[in-house]
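# Architecture and fold: a report
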Amino acid sequence: MQLESARLIIREFGNHDFDGVHAYASDPEVTEFTMWGPNTKEDTLKFLEDMIQMQEERPRTGYELALVLKDSGQLIGGVGLHQMNRNAELGYCLNKNYWRKGYASEAAKALCRFGFEQLDVHRIYATCRPGNIGSASVMRSIGMKQEGHLRQHLHYKGSYHDSYLYSILKDEFTIKSST
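This text gives an overview of the structure that appears in the document. Numbering of residues begins from 1 in every chain and follows the order in which that chain's sequence is written. This being a predicted model, a pLDDT of at least 70 is required before a residue's local features are given, and a value of 80 or more before pairs of side-chain atoms are given or counted; all residues contribute to the totals for chains, interfaces and linings. In computing side-chain values, all of the structure's heavy atoms are included and hydrogens and water are not.

### Observations regarding helix H3 (residues 103-117)
Where we set the bar: In this text, helices come from DSSP runs of H or I with a minimum length of four residues, and strands from runs of E with a minimum of two, each type numbered from the N-terminal end. Here, expected helix span is obtained from the residue count minus one, scaled by 1.5 Å. Summary of the burial criterion: residues with accessible area below 20% of their type's maximum are buried, those above 50% are exposed, and those between are partly exposed, where the area comes from a 1.4 Å probe applied to protein chains only.
The end-to-end C-alpha distance of H3, which contains 15 residues, comes to 21 Å, matching closely the 21 Å that a straight helix rising 1.5 Å per residue would cover. For H3, the complete set of buried residues consists of Tyr103, Ala104, Ser105, Glu106, Ala107, Ala108, Ala110, Leu111, Cys112, Phe114, Gly115 and Phe116.

### Examining helix H4 (residues 133-141)
Rules: Think of the arc as the fan of directions from the helix axis to the C-beta atoms. Working rule for contacts: check all heavy atoms of both residues, and any pair within 4.5 Å makes them a contact.
Residues of H4 that are buried: Ser135, Ala136, Val138 and Met139. Angular distribution of buried residues about the axis of H4 spans 155 degrees; they occupy a single face of the element. Contacts made by the buried residues of H4 are with strand E5 (87-94), H3, strand E6 (123-128) and strand E8 (159-169). Where H4 ends, the next residue or the one after it, Gly143, has phi of about 95 degrees, a positive value.

### Looking at unusual backbone geometry
What you tend to see is this: most non-glycine residues have negative phi, and most peptide bonds are trans. Looking along the chain, the bond that leaves Gly37 and enters Pro38 is cis, with omega of -5 degrees. Tracing the backbone shows Pro38 in the loop between helix H1 (18-25) and helix H2 (41-54). Here the bond from Arg58 into Pro59 is cis, since omega is -5 degrees, no more than 30 degrees from zero. Its place among the elements puts Pro59 in the loop between H2 and strand E3 (62-69). One non-glycine residue, Asp120, lies in positive phi territory at about 60 degrees. Its place among the elements puts Asp120 in the loop between H3 and E6. Of note in this structure, Lys157 is not a glycine but carries a positive phi near 50 degrees. On the secondary structure map, Lys157 appears in the loop between strand E7 (145-156) and E8. What makes Lys157 partly exposed here is its relative accessible area of 45%.

### Notes on the side chain of Ser105
What counts, and what does not: We define a polar contact as two N or O atoms separated by no more than 3.5 Å, with the added condition that, inside protein, one atom must be a possible hydrogen donor and the other a possible acceptor, whereas residues neighbouring each other in sequence contribute only through side-chain atom pairs.
As for its placement among the helices and strands, Ser105 is situated in helix H3. Polar contacts involving the side chain of Ser105 include one to the side chain of Ser141, which spans 2.8 Å. Residues contacting Ser105, with those up to four places away along its chain left out, are Val138, Ser141 and Ile142.

### Considering the environment of Ser141
You can see Ser141 is positioned in helix H4. A sequence separation of 92 residues divides Ser141 from Glu49, and the C-alpha atoms of the two residues are 32 Å apart. Within the local environment of Ser141, its side chain forms a polar contact with the backbone oxygen of Val138, the two atoms lying 2.8 Å apart.

This is the structure we're talking about:
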């Protein structure tokens, strides 16, 4: 499977992506707000094994895809969409050298289009920790609306964490995309 946007190729992960994935997944600044990481080399290998296995699942409900720059072929991050009934959860993670350049928003919008048009989901949602201002900005930029503040609903890295919950409905995305 492969998607394209103006500046990105969004494709399946492969074992050859180890260096690019490990560059962002092992970075403490990148993984500050994630439930995983910073990755060891073994963690990154396991991630790639799991992603390759996910590609074989039928019916397929999970998509974790590599973000690659069209102009250079450089892997800069990953984006995911996980379907449950007519809902899907969106996520993304980028190498910090590519933050604040619009790549996360571009990739998130492409995955929303895929979810609504190809998977026929009704609602796509995403969460971020309250301190992750960049992620909240991405969600708002693609038309998601904040639905709530989930208090201490996740336990990872030794403590409980809050999340902001955002979503967009199919008709909202279609209207926003056509304007």
